[in-house]
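# Report on the structure
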Amino acid sequence: MSTVLESLNAGLHGAMEANESVYILGEDVLDPYGGAFKVTRGLSTAYPDRVITTPVSEAGFVGVATGLALSGLRPVVEIMFGDFVTLITDQVINGLSKYGWMYGGALEIPLVIRTPMGGRRGYGPTHSQTLEKLFLGVPGLRVLAPSAFTDPGGLLRAAIDDPGPVLFVENKLQYQRRLDDPAFSALESRLQVQEGYATAATVGVAGAPRPQLTIAAYGDMAERAAEAQLKMAYELEIFSELVVLEQLDPLGPSGDLPRALADSLRQTGCLLTVEEGTHTHGWGAEVVARAVETSAQKLGIARVAAFDSPVPASRVLEASVLPDVDVIVGAAQKLVAALDG
Amino acid sequence: MSDAAARYRAMLRIRRFEETILDKFPTGVFHGTTHTYIGQEANAVGILDHIREGDSVFSNHRCHGHFLAYGGDMRGLFAELMGKATGICGGRGGSQHIHWRRFYSNGVLGSAIPVATGMGLAGRLRGDDDIVVVFMGDGAMGEGVIYEALNMAALWRAPVLYVVENNRIAQTTPIALAMAGTIPGRFEGFGVPALAIASSDVDEISLAASKAIAEVRDGGTPQALVIDTNRFAPHSKGDDTRSQEAIEALWATSCPIEIHASRLDPNQREELAAEVAEEVSQAFAAALADPEPDVEVGAA
């Protein structure tokens, strides 16, 4: 009975134990604090020489970590708040994502940048955002998001073993999610390879009739989508299949949809994408575009995302901007009704 | 070959290479851009004399001279600028983004400074005494990430030599319009000692570099070497806003090859000049005849 946080922490411990090339860099990562969200707790006690607490210099220490990676070490960098990825864009886009390729393709850059995105904690406009979409479509960069429906620590360990750079997108509220949440005991899931080492989980209500709707989601929103899925099944008799993707980019092999998603869509002909980032130019737009491009049938389509607004601090204002279970249910209901009509 | 002759030859190889680039650019054989090192040859040659296997070099947009002084292949560099399959990076990087052995360059000013710092730190973490030499110009000093990197370099004792080639002009902007304070002061503020030298004499630069590199290697600490130097050619090509007289004055007083020439006898100079001219012309012709890269759609 462990949480996403415990799984990620165990993944880091396991990676550091297994490979002495693994280093941790980030702000306030030393014990007893163990990082702002405690993902790095215990590491500096167990491996004092390989956990480096940094000055508040995100661009600088991501660059330093790139130098470590180019020199054969395997750094894992923590960016304390996902919002601060704006500070590392040059290092990511003009640096670490390109060095392998532009120098002829033989260099490895085994570097993981972990960061928690997301709101619902009242941290306000610069500490609550979901910004990974800014880094989708960057050639040479893999963008992953762990899920309670798969194996968060296992995904992190695989990312650390990856010879190329990874942006590993966590979520603040997701940390306390249980991997075997009893609230989800009525759900069953099938796992398959999404792409590379990333997994796709196809989640449905056990024993339910044939699904009418496919929901695509990742990270914390996948878990909210699962809550919506249960609510729809029990209260509205709308049956859905939730496809949880660990890898946001590249989305699927050779520019296609991930197979799990394509398989589900063939059955339902109806797609709802769900994400916490702002609506316009979001992850869902790419998923929808690929679905339409690759699907033989006409699809019902809708997207759930945050309003195109900064994230306010006030509880009621924040809730009005970010998508929750009821927003997902409402969007699904509308989509299914439109198709039935 | 004596040290004096070797340095002369090394500087002349860079000079003739760069002159060929500028000369042939209008014919369309090169694709993209270039930033030539004409006037600054003594820096690369004087400094990279003192590195050894295991050391790394990170360069900037003006990287051809550094690369050739590092021991890089001239035909491969010509071919890279032509975008040929035989280019050092197969035509992916072009003039500003080259890599061979432990030599790297990136065209975004300042961007490589933390990366080079991390490479130095890696050596210290592994416990070897390899060092990193990273080149930047005065223009790059405006980029904030450099100061983040210097702070960490000093905190974590990264064995890195930060070389500033101060040609006092950033593209077309003179240093007086872009920089407050001093360059050594920027390093000293972080506790990184800075050795400053105003010279285009390869022997003087080599001596200063040998001291600075010994400090880095033996002391295991970061150091800066700030060289007041002169760029004779345009920032790129055809974009020089300085007066002809000003440029001629630089040639008259600070040509590294002229300064060094008196240390060799004229016959030897002529022999070396002929040898280098032949090498450059053969490398150019070979690169020109090399094949274009295979086009992979969605090259990854």
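Residues numbered from 1 in each chain as written. Chains lettered and ligands numbered in written order. Predicted model: local features only at pLDDT ≥ 70, side-chain atom pairs only at ≥ 80, totals over all residues. Heavy atoms only, no water.

### Describing the overall build of chain A
To keep it simple, the criterion reads: Secondary structure elements are defined from DSSP: runs of H or I of at least 4 residues count as helices, runs of E of at least 2 residues count as strands, and each element is numbered from the N terminus. Here the globule rule reads 2.2 Å times residues to the power 0.38, and the radius of gyration is calculated from C-alpha atoms. Partly exposed describes any residue whose relative accessible area lies between the buried limit of under 20% and the exposed limit of over 50%, with all areas from a 1.4 Å probe on protein chains only and scaled to the type maximum. Throughout, a contact is declared for two residues whenever any of their heavy atoms are within 4.5 Å. Surface accessibility in these figures is a Shrake-Rupley result with a 1.4 Å probe; residues are shielded only by whichever protein chains are displayed. In summary, the charge assignment counts Lys and Arg as positive and Asp and Glu as negative, without counting His or the chain termini. Charge positions come from single atoms, namely NZ of Lys, CZ of Arg, CG of Asp or CD of Glu.
Helix and strand counts for chain A come out as ten helices and 13 strands. Scaling as 2.2 N^0.38, a compact globule of 341 residues should have a C-alpha radius of gyration of about 20 Å, and chain A matches this with 20 Å. Across its three principal axes, chain A shows a C-alpha extent of roughly 60 × 45 × 35 Å. Within chain A, the fraction of its 341 residues that count as buried is 60%. For chain A, the share of sequence-separated contacts (at least 6 apart) that also reach a separation of at least 24 residues comes to 78%. Of the roughly 12,800 Å² of accessible surface on chain A, 54% is carried by carbon and sulfur atoms. In chain A, 25 side chains carry a positive charge and 40 a negative one; their mean positions are 3 Å apart.

### Regarding the interface of chain A and chain B
Note the cut-off: By definition, the buried area sums, over both parts, the 1.4 Å-probe accessible area that each loses when the two are put together. Any Lys or Arg side-chain nitrogen found within 4 Å of a carboxyl oxygen on Asp or Glu counts as a salt bridge. Polar contacts, as counted here, are pairs of nitrogen or oxygen atoms within 3.5 Å of one another; within protein the pair requires one atom able to donate a hydrogen and one able to accept it, and residues that are adjacent in sequence qualify only if both atoms are side-chain atoms. Residues are grouped as follows: Ala, Val, Leu, Ile, Met, Phe, Trp, Tyr, Cys and Pro are nonpolar; Asp, Glu, Lys and Arg are charged; every other residue, Gly included, is polar.
Counting from both sides, the interface comprises 28 residues of chain A and, opposite them, 29 residues of chain B. Both faces combined, the contact of chain A with chain B buries some 2,300 Å², and carbon together with sulfur accounts for 67% of it. For the chain A face of the interface with chain B, the top three residues by lost area are A:Val64, A:Trp101 and A:Tyr103, together amounting to 26%. At the junction of chain A with chain B, the criterion picks out zero salt bridges. Where chain A meets chain B, there are nine residue pairs in polar contact (both at pLDDT 80 or more). Looking at which element gives the most residues to the side of chain A that touches chain B, the answer is helix α3 (residues 58-70) of chain A, with ten residues. Within the side of chain A that touches chain B, the residues separate by chemical class into 14 nonpolar, twelve polar and two charged.

### Things to note about the sheet that holds strand β3 (residues 103-105) of chain B
In a beta sheet, neighbouring strands are held together by backbone hydrogen bonds and run either parallel or antiparallel to one another. Residues and elements named next belong to chain B. We count it as follows: The pairing criterion for strands is at least two bridges between them, as found by DSSP.
If you trace the seven strands from one edge of the open sheet to the other, you get β2-β3-β1-β4-β5-β9-β8, paired in mixed fashion. Because the sheet does not close on itself, it has two edges, and the strands there are β2 (99-100) and β8 (194-198). As judged from the two bridges shared by β2 and β3, these two strands associate in the antiparallel manner. If you follow Trp100 over to β3, its bridge partner there is Phe103.

### Considering helix α2 (residues 41-48) of chain B
Think of an α-helix as 3.6 residues a turn; residues three or four steps apart then line up on the same face. Of all eight residues that make up α2(B), eight are buried, and the element is covered over most of its length. Within α2(B), the full set of buried residues consists of B:Glu41, B:Ala42, B:Asn43, B:Ala44, B:Val45, B:Gly46, B:Ile47 and B:Leu48.

### Here's the deal with the packing of aromatic side chains
Residue and element names in this part refer to chain B. The test is simple: Stacked, edge-to-face and tilted are the three classes for Phe, Tyr and Trp ring pairs, Trp counted by its six-membered ring, which pair at centre distances within 6.5 Å; planes under 30 degrees apart are stacked, over 60 edge-to-face, the rest tilted.
By the definition in use, this model includes 22 aromatic pairs over all chains. For the ring pair Phe67 and Phe103, a centre distance of 5.5 Å and an interplane angle of 75° mean the geometry is edge-to-face. With Phe67 in helix α3 (residues 64-70) and Phe103 in strand β3, this residue pair connects regions lying 36 residues apart in the sequence. Of the two residues, Phe67 and Phe103, both sit in the buried class.

### Details of the environment of A:Arg177
Residues and elements named next belong to chain A. Position of Arg177 among the secondary structure elements: in the loop between β6 (166-171) and β7 (187-195). It is 8.5 Å that separates the C-alpha atoms of Arg177 and Glu223, two residues lying 46 residues apart in sequence. Not counting chain neighbours up to four residues away, the residues in contact with Arg177 comprise Ser2, Thr3, Val4, Ala148, Phe184, Asp220, Glu223, Arg224 and Glu227.

### Section: the sheet that holds strand β4 (residues 112-117) of chain A
All names here are of chain A. Put simply, the rule is: Every angle, taken between N-to-C directions, lies between 0 and 180 degrees, and every axis is a line fitted to C-alpha atoms, over only the stretch in contact when it is a helix.
Taken together, the seven strands give an open sheet; going across it, the order is β2-β1-β3-β4-β6-β5-β11, and neighbouring strands pair in mixed fashion. Only two strands of the sheet have a single neighbouring strand rather than two, namely β2 (51-53) and β11 (247-249). Strand after strand, the sheet turns through a mean of 25° between neighbouring axes, direction not considered. Strands in contact with α3 are β1 (22-26), β3 (74-78) and β4; relative to β3, the strand with the most contacts, it is inclined by about 165°.

### Brief notes about the pattern of salt bridges
Scanning all chains against the criterion turns up 28 salt bridges over all chains. With a shortest N-O distance of 4.0 Å, A:Glu241 and A:Arg190 are connected by a salt bridge. Linking A:Glu241 in strand β10 (residues 240-245) with A:Arg190 in strand β7, this pair joins segments that are 51 residues apart in sequence. When its relative accessible area of 53% is taken as the criterion, A:Arg190 is described as exposed. The partner of B:Asp129 in a salt bridge is B:Arg52, with the nearest N and O atoms 2.4 Å apart. One end of the pair, B:Asp129, is in the loop between α5 (112-126) and β4 (132-137); the other, B:Arg52, is in the loop between α2 and β1 (56-59), with 77 residues separating them in the sequence. Residues joined in a network through salt bridges with shared partners are A:Arg177, A:Asp220, A:Glu223, A:Arg224 and A:Glu227.

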